[in-house]
Amino acid sequence: HLSPRLDCVLHFVPRVECLADIGSDHAHLPCRAVQIGRVDSAIAGEVRPGPLYQSTVNVAKQGLQDRIDVRLGDGLDVLREQGEASAISIAGMGGELIADILERGKKKIGKKTVLILQPNSREPRVRRWLDHNGWIISDEAIVNEGHHVYEVIRACQGYKPKSLSELELMMGPVLSSKQERLFIKKWKNRERRLSSILKALRNTKQSDEVLKKIEESQKELHLIH
Ligand code: SAM
């Protein structure tokens, strides 16, 4: 079975012919997606030979070698032509790396491809890339695993009347409107942390500029509840 985080990613994979999972590590996600019939076939892309070998072993163990193609390569380089995969998942990496993989590989992404992205950090960086490159965020989820809260973003290409605001880039346009318990908890915690930093800084000789910046972020967070 998948971890709650990967299960949440799987939940966002649409019913399509071919899924490419980039940075697949042990290919857990594509194996499950094929097993439950969500996709007919999958490509598991991985840049390190060690995990790639483990993927090959896992895929064979489950008898899925006819349906899952394990490929060694950097990011979307593993795709042979534009639109080869109708869904692309990139999970468990930093937001900066995800945005970089998308930017370097954008020619390989088809017009109708759905992206499912799960950054471990710097989510706004991923949303900004999507927003600047003609993508619409169609759904978002927030999930708890261990001590960590993860966000999952699904996006497709299409007409977008306006760009996302800074606040939407930070918190997620769909998550902001859903206002789930975990979302409120995450941002309340962050606000609390900022308050205590602010308090500590007031007692030191910090420049007014630094204090002002933190106060502004705090105000922004206040907007949500
Ligand atoms: N996607 C899996 C998950 O969410 O559980 C595995 C996450 S694992 C922490 C990140 C994987 O991405 C590693 O196996 C790493 O080797 C791979 N990776 C990092 N940079 C990559 C790149 N440019 N192209 C393909 N894979 C990459």
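Structure: see above.
My aim in this report is to walk through the structure given alongside it, one point at a time. (Residues numbered from 1 in each chain as written. Predicted model: local features only at pLDDT ≥ 70, side-chain atom pairs only at ≥ 80, totals over all residues.)

Concerning the packing of helix α4 (residues 95-104) against helix α5 (residues 123-132)
Here α4 crosses α5 at 20°, and the two axes come no closer than 7 Å. With respect to each other, α4 and α5 are oriented roughly parallel. Relative to α5, α4 is oriented so that their crossing is right-handed. Only E123, R125, V126 and W129 of α5 make contact with α4, whose side of the interface consists of G95, E96, I98, A99, L102 and E103. When the residues that make up the contact of α4 with α5 are grouped by side-chain class, the tally is five nonpolar, one polar and four charged. (Axes fitted to C-alpha atoms, helices over the stretch in contact; angles between N-to-C directions. Helix = DSSP H or I, 4+ residues; strand = E, 2+ residues; numbered from the N terminus. Parallel < 35°, antiparallel > 145°, perpendicular 65-115°, else oblique. Left-handed = near helix turned anticlockwise from the far one by under 90°. Contact = placed C-beta atoms within 7 Å. Nonpolar A, V, L, I, M, F, W, Y, C, P; charged D, E, K, R; others polar.)

Focus: the sheet that holds strand β3 (residues 68-72)
Taken together, seven strands build an open sheet; the order of strands is β3-β2-β1-β4-β5-β7-β6 and the sheet is mixed. Each edge of the open sheet carries a strand with a single partner, namely β3 and β6 (135-145). Ignoring strand direction, the axes of neighbouring strands in this sheet form an average angle of 15°. Judged from the seven bridges that link them, strand β4 (residues 87-94) and strand β5 (residues 114-121) form a sheet pairing that is parallel. Bridge pairing in β5 links S89 to I116. Together, β4, β5, β6 and β7 (148-157) form the strand contacts of helix α1 (residues 4-11), whose direction differs from that of β6 by roughly 155°. Sitting on the sheet, α5 touches β5, β6 and β7, and the angle it makes with β7 is about 5°. (Pairing = 2+ DSSP bridges.)

Re the packing of α1 against helix α2 (residues 28-35)
At a minimum axis separation of 10 Å, α1 and α2 run at an interaxial angle of 50°. Classed by the angle they form, the pair α1 and α2 counts as oblique. As α1 packs across α2, the resulting crossing turns out to be right-handed. The residues of α2 that touch α1, namely those facing L6, V9 and L10, are H28, L29, R32 and A33.

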